[in-house]
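Residue-level structure breakdown
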Amino acid sequence: MPRPLSATIHTAALANNLAIARKYAPKSKIWAVVKANAYGHGLARAFPGLRATDGFGLLDLEEAAKLRELGWAGPILLLEGFFRPTDIDVIDRYSLTTAVHCDEQLRMLEMARLSKPINIQLKMNSGMNRLGYTPEKFRAAWERARAVQGVGQITLMTHFSDADGPRGIAHQLEAFERGAEGIAGARSLANSAAVLWHPDAHVDWVRPGIMLYGASPSGLTADIADTGLKPAMTFQSELIAVQTVSAGSSIGYGSTFTAGAPMRVGVVACGYADGYPRVAPEGTPVIVDGVRTKLVGRVSMDMLTVDLTPCPNAGIGSRVELWGANLLIDDVASAAGTIGYELMCAIAQRVPVRAE
Ligand SMILES: *Cc1c(COP(=O)(O)O)cnc(C)c1O
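Residues numbered from 1 in each chain as written. Predicted model: local features only at pLDDT ≥ 70, side-chain atom pairs only at ≥ 80, totals over all residues. Heavy atoms only, no water.

To continue, consider the pairing of strand β3 (residues 55–58). Taking every second residue as pointing to the same face, both faces of β3 are buried, with Gly-55 and Gly-57 on one and Phe-56 and Leu-58 on the other. In this sheet, β3 lies alongside strand β2 (residues 29–33) in parallel orientation, the contact comprising three bridges. By the bridge assignment, Trp-31 is partnered in β3 with Gly-55. In this sheet, strand β4 (residues 76–78) lies alongside β3 in parallel orientation, the contact comprising three bridges. Its bridge partner lying in β4, Leu-58 is registered against Leu-78. Considered for its hand, the β-α-β crossover made up of β3, helix α4 (residues 61–69) and β4 is right-handed. (Buried < 20%, exposed > 50% of the residue type's maximum accessible area, 1.4 Å probe, protein only. Helix = DSSP H or I, 4+ residues; strand = E, 2+ residues; numbered from the N terminus. Pairing = 2+ DSSP bridges. Right-handed = clockwise from strand over helix to strand, strands pointing away.)

Encoded structure:
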């Protein structure tokens with residue numbers, strides 16, 4: 001028998017979440033973002049739940065090829081563009097759409113020999129300061145791109161730094177509109193946070209990622225409580241041992257937790273080598289036998305330990321939910337000082353994952 005640890009991908013939840021993105025941005029076409037192996041869910045496993053999208057956004061050429069193998073004939077967008085001239089051959093072969101964010105990429109396109117024009121998304125740096133042309137340089141870049149024989153349709157794209165926070169997007173929208181003024185072509189601006197909270201940014205295409213997996217762009221579960229989004233992954237295991245410890249006994253490496261009174265402690269088959277965050281402190285929520293309890297002691301490589309005081313009937317074989325349908329990933333993430341994005345992407349290779 002394998003260890004009793006696994007992740008389940010909920011196909012119906014993915015489809016539900018895509019429909020919710022559509023409900024929020026009804027006039028826009030959707031790039032369903034499936035980078036990082038569909039945020040750790042597995043591209044092939046996520047695909048059936050998301051196939052009602054208009055296009056898929058990702059980073060790796062290999063993932064793009066895999067989507068074609070899965071039978072996806074629609075648009076695929078390379079969100080970071082390409083890195084070497086030989087990448088353009090793959091873009092051509094699989095009819096990919098690519099972001100173009102710098103002159104080096106334009107130069108490679110100018111030199112490329114293509115079987116047909118490539119559609120591009122010309123990226124503006126409207127304030128994020130990672131990728132793209134500044135508003136001042138954008139028109140010149142667009143003129144140059146338009147003159148390249150191998151370039152087909154040009155969509156104008158930018159990305160927001162604060163769509164989930166108090167600063168908002170007004171300053172970036174203003175910069176984008178200034179740089180794109182008078183330039184024809186579709187626009188693509190909104191990540192999940194802007195899909196949910198900034199309808200003025202929806203325009204022609206939206207690019208939701210995290211919301212499709214049922215987690216919050218802000219990391220706060222309260223922010224998505226009324227959206228109808230459903231968790232797309234459940235990470236579950238079982239108790240493999242139970243210890244009854246006396247007052248004053250400590251648990252695990254570093255003896256970081258000491259029992260104040262006699263208590264039962266459950267040992268769960270899941271550790272940081274499985275993708276559970278080692279930094280998760282005492283008090284991080286865990287569900288055992290349907291009852292919410294908490295982590296005690298340090299997370300080790302293959303195991304973690306939980307307080308069984310609220311679930312006196314729990315024993316070896318009891319079901320443990322680390323996050324999922326009943327315990328939101330963002331609640332676990334915030335206890336560990338991170339966001340759901342990081343936890344879902346970190347599910348380790350050794351964890352068996354299946355879709356249902
Ligand atoms: C990852 C990414 C997205 C999706 O972001 P979420 O916050 O997950 O919705 C959208 N656009 C670009 C360019 C991205 O890299």
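Running from N to C, helix α6 (residues 103–111) and helix α7 (residues 135–147) cross one another at 15°; their axes reach a closest spacing of 10 Å. Classified by the angle between their axes, α6 and α7 sit roughly parallel to one another. Between α6 and α7 lies a crossing whose hand is left-handed. Counted together, Asp-103, Leu-106, Arg-107 and Glu-110 of α6 and Ala-141, Arg-144 and Ala-145 of α7 form the full contact between these two elements. Classifying every residue of the contact of α6 with α7 gives three nonpolar, no polar and four charged. (Axes fitted to C-alpha atoms, helices over the stretch in contact; angles between N-to-C directions. Parallel < 35°, antiparallel > 145°, perpendicular 65-115°, else oblique. Left-handed = near helix turned anticlockwise from the far one by under 90°. Contact = heavy atoms within 4.5 Å. Nonpolar A, V, L, I, M, F, W, Y, C, P; charged D, E, K, R; others polar.)

The subject of this paragraph is the domain arrangement of the protein. How big an interface is tends to be reported as the loss of accessible area on association of its parts. Domains assigned within the protein are domain 1 (11–214) and domain 2 (233–355). Put simply, the middle of domain 1 and the middle of domain 2, counted by C-alpha atoms, are 37 Å apart. Each partner contributes residues to the interface: domain 1 has eight residues there, and domain 2 has seven residues. Buried area between domain 1 and domain 2, both sides added, is near 800 Å², and the carbon and sulfur share of it is 71%. For domain 1, the biggest contributors to the area lost against domain 2 are Tyr-39, Arg-45 and Ile-210; these three give 54% of the whole. One can count zero salt bridges joining domain 1 with domain 2. When its residues are assigned to classes, the side of domain 1 that touches domain 2 shows four nonpolar, three polar and one charged. (Domains from an automatic or database assignment. Buried area = accessible area lost by both parts, 1.4 Å probe. Salt bridge = Lys/Arg side-chain N within 4 Å of Asp/Glu carboxyl O.)

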